[in-house]
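Now for the letters of each chain:
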Amino acid sequence: MGVPLYRTLPGTDSRVRYLQKLRKSGITACFGAAFYDCNDGEAGETYGGHIVTSNGSTLDQNGERPFNVGSVTKVITASLLIKLAETGELTLDDPVARFVPAYRHAATTIRHLMTHTSGLQWTTPWKWPRPEELDACRAAIYASELAELPELNAVYCTQGYLILMDVIESVTSGQRLEHFAREVLFEPLGMKHTTFIVTDWEPGSYSLPYDVQNLAPDSSLEGLAATGESGLYATPGDLIRFAAMLLEGGVYGGKTIFSEAAVQAMLSESTDGRFAKTAVFWSKGSRDRYGCFGDLLSPSAVGHPGFSGCMLMVDPGLGKAGVLVTNSQLLHADWTYYRRLWNLFAGLPAEGVRAEGAGHV
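Just so it is clear, the structure is predicted and the values come from calculations on it, not from any experiment.

## Regarding empty space enclosed by the protein
Okay, step 1: Evaluation of the coordinates by the stated rule reveals 3 cavities of 30 Å³ or more.
Okay, step 2: One number sums up the size of the second largest cavity: a volume of about 60 Å³.
Okay, step 3: Lining of the second largest cavity is provided by Asn 68, Trp 128, Phe 196, Val 198, Leu 221, Leu 224, Ala 225, Ala 226, Thr 227, Ser 230, Gly 231 and Tyr 233.
Okay, step 4: For the lining of the second largest cavity, the class distribution of residues is 8 nonpolar, 4 polar and no charged.

## Section: unusual backbone geometry
Okay, step 1: One non-glycine residue, Ser 173, lies in the positive phi region at around 60 degrees.
Okay, step 2: As for its position among the elements, Ser 173 is in the loop between α5 (160-171) and α6 (177-189).
Okay, step 3: Overall, Ser 173 belongs to the exposed group, its relative accessible area being 70%.
Okay, step 4: Residues other than glycine seldom take positive phi values, yet Asn 214 does so here, at roughly 65 degrees.
Okay, step 5: By the element assignment, Asn 214 lies in the loop between α6 and β6 (233-234).

## What about the pattern of salt bridges?
Okay, step 1: Overall, the coordinates contain 13 salt bridges when judged by the stated rule.
Okay, step 2: Ionic pairing is found between Asp 93 and Arg 111, a salt bridge with its closest N-O pair at 2.9 Å. Of the two residues, Asp 93 is situated in the loop between α2 (72-86) and α3 (110-114) and Arg 111 in helix α3; the sequence distance between them amounts to 18 residues.
Okay, step 3: In this structure Asp 93 comes out as partly exposed when scored by relative accessible area, which is 46%.
Okay, step 4: When the shortest N-O distance is used, the salt bridge between Glu 145 and Arg 104 registers 3.5 Å. Taken together, the residues span a long stretch of sequence, with Glu 145 in the loop between α4 (134-142) and α5 and Arg 104 in the loop between α2 and α3 at a distance of 41 residues.
Okay, step 5: For Glu 145, a relative accessible area of 54% gives the class exposed.

## A word on the state of the cysteines
Okay, step 1: Enumeration according to the criterion identifies 0 disulfides in this entry.
Okay, step 2: Of all cysteine sulfurs in the structure, the one in Cys 157 sits closest to Cys 137, which takes part in no disulfide; the separation is 11 Å.
Okay, step 3: A relative accessible area of 10% places Cys 137 in the buried class.

## Description of the packing of α4 against α5
Okay, step 1: At their nearest, the axes of α4 and α5 sit 10 Å apart, and the two run at 105 degrees to each other. The orientation of α4 with respect to α5, classified from their angle, is roughly perpendicular. Counting all contacts with α4, which are made through Leu 134, Cys 137, Arg 138, Ile 141 and Tyr 142, the residues of α5 involved are Leu 162, Ile 163, Met 165 and Asp 166.
Okay, step 2: Here the residues of the contact of α4 with α5 sort into 7 nonpolar, no polar and 2 charged.

## Some words on the layout of surface pockets
Take a probe with the size of a water molecule and roll it over the atoms, and the empty space left behind shows itself.
Okay, step 1: In this model, the largest pocket occupies a volume close to 350 Å³.
Okay, step 2: Listed by contribution, the elements that provide at least two residues to the lining of the largest pocket are β10 (302-306) and α9 (329-332).
Okay, step 3: The greatest single-element share of the lining of the largest pocket, amounting to 3 residues, is contributed by β10.
Okay, step 4: Looking at the lining of the largest pocket, its residues break down into 9 nonpolar, 8 polar and 5 charged.

## A word on the nonpolar core
Okay, step 1: Counting 79 residues, the largest nonpolar core has Ile 110, Leu 185 and Phe 242 as the members making the most contacts within it.
Okay, step 2: Residues contacting Leu 185, with those up to four places away along its chain left out, are Ile 76, Ser 79, Leu 80, Met 191, Phe 242, Ile 257 and Phe 258.
Okay, step 3: Core analysis: the second largest hydrophobic core is formed by 26 residues, Leu 9, Ile 27, Phe 35 and Leu 331 among them.

## Some points on the packing of aromatic side chains
Okay, step 1: Counted by the stated rule, this structure contains 12 aromatic pairs.
Okay, step 2: Each ring, one from Tyr 156 and one from Trp 282, has its centre 5.9 Å from the other, and the planes form 85 degrees; the classification is edge-to-face. Here the residue Tyr 156 occupies a position in the loop between α4 and α5, and Trp 282 occupies one in strand β9 (residues 282-283), the gap between them amounting to 126 residues.
Okay, step 3: Here Trp 282 falls in the buried class, since its relative accessible area comes to 8%.
Okay, step 4: Between Trp 201 and Tyr 206, the ring centres sit 4.9 Å apart and the planes meet at 75 degrees, which makes this aromatic pair edge-to-face.
Okay, step 5: Three or more aromatic residues link up through ring pairs in this structure, and these residues are Tyr 156, Trp 282, Tyr 290, Trp 335 and Tyr 338.
Okay, step 6: The ring of Phe 35 is capped by Arg 15, whose NZ or CZ atom sits 4.4 Å from the centre of that ring.
Okay, step 7: Directly above the ring of Phe 345 sits Lys 320, whose terminal nitrogen or CZ lies 5.1 Å from the centroid.

What counts and how
Residue positions within a chain follow its written sequence, with the count starting from 1. Only residues with pLDDT of at least 70 are given local features in this predicted model, and only at 80 or more are side-chain atom pairs given and counted; all residues enter the totals for whole chains, interfaces and linings. Only hydrogens and water are set aside; all other atoms, that is, all heavy atoms of the structure, feed into the side-chain values. Definitions used throughout: a 1 Å grid over protein atoms alone; a cavity as a set of points that fits a 1.4 Å probe which cannot get out; a pocket as an open set with protein on both sides within 12 Å along at least five of seven lines; a lining residue as one with an atom within 4 Å of a point. Grid points are joined across faces, edges and corners, and a volume is the space filled by probe spheres set on the points. Classes in brief: Ala, Val, Leu, Ile, Met, Phe, Trp, Tyr, Cys and Pro nonpolar; Asp, Glu, Lys and Arg charged; the others, Gly included, polar. Secondary structure elements are defined from DSSP: runs of H or I of at least 4 residues count as helices, runs of E of at least 2 residues count as strands, and each element is numbered from the N terminus. Only protein chains enter the accessibility calculation, which uses a 1.4 Å probe. A residue is then buried if its area is under 20% of the maximum for its type, exposed if over 50%, and partly exposed in between. Any carboxyl oxygen of Asp or Glu that lies within 4 Å of a side-chain nitrogen of Lys or Arg is treated as forming a salt bridge with it. Disulfides are defined as pairs of cysteine sulfur atoms found within 2.5 Å of each other. To get an axis, fit a line to the C-alpha atoms, keeping to the stretch in contact for a helix; angles then go from 0 to 180 degrees between the N-to-C directions. Just so you know how the angles are binned, under 35 degrees is roughly parallel, over 145 roughly antiparallel, 65 to 115 roughly perpendicular, and the rest oblique. In what follows, a contact means two residues having at least one pair of non-hydrogen atoms within 4.5 Å. Side-chain atoms within 4.5 Å link the members of a nonpolar core, which is a set of buried Ala, Val, Leu, Ile, Met, Phe, Trp, Tyr and Cys residues. Ring pairs shown here join Phe, Tyr and Trp side chains whose ring centres sit within 6.5 Å, with only the six-membered ring taken for Trp; geometry is labelled stacked below 30 degrees between planes, edge-to-face above 60, and tilted in between. By the criterion adopted, a ring carries a charge over it if an Arg CZ or a Lys NZ lies within 6 Å of its centre and within 35 degrees of its normal.

Everything listed here is a matter of coordinates, which is why it stays silent on function.
What follows is the structure, encoded as structure tokens:
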């Protein structure tokens, strides 16, 4: 594929009207969204509202304002493991302990952690660590016993992705997660506003997720360590590049980012249909057991939401992908907000002749 033609969606667009309604009703103070339709090669973006920062200043929302995308981070971390499988550095069914000896449970594979089927469960309140707290946090995770044998159940365990970050850094000979991601994903895709590392960002200069009442920025989320499971900062424009690349078989801007086989591994259900998960995403399947995909997306739709009111969705069946970012835990508390947006998008026809040529990003 060429670089898709990017455009600003008009205020009359049904998706824009819906998101503005959420903003005006106080569900979210701001939003950014991007959509890609491979049937016409177009990507559309929309932004609205403003952000109150941790020092009380106000920032208008725009296409260059990175947001904490919460657990959408896991999609990026998992895709990096697929890249390592593609280059022969590991297989997803390798034992985790092969690469991280500190992990004591020999039966746990990389795939188990990716699909939350490892038997690892976290029962105490989870506090995202600052850099100086990361080693103690890691030690607590590695000291945890399995609650059950792998593959019996799928129990969401965000801490497993910190272990997967350690796997990536071990396999790449100590290369930091950020550096590996920048080398194989962010720079090839032109994701200029995406990063795992925000510890050097000036407080008040960027958007933090709001508290659960959606009243003010949650300053406890400032300056957190990279963990591979949450805390990635990105824009809708950056994430839609990643999603568009998947719909186009691993190619973006004339460059092969992933092989077609790797993309299929990322999009295909990988738990024998038991838990509706690919190695990278949640999968809608024949019914939306997660409640975030919507009624009109195809059974092949995949995606992942994040606690801060964000979601990435890719639907190979319809040839469509979408990204929503907000800073609203209030929005995330009711996943029907995601479903309604994807229903609006799924029902829209392609708007023109496929654009293979240049646009702007």
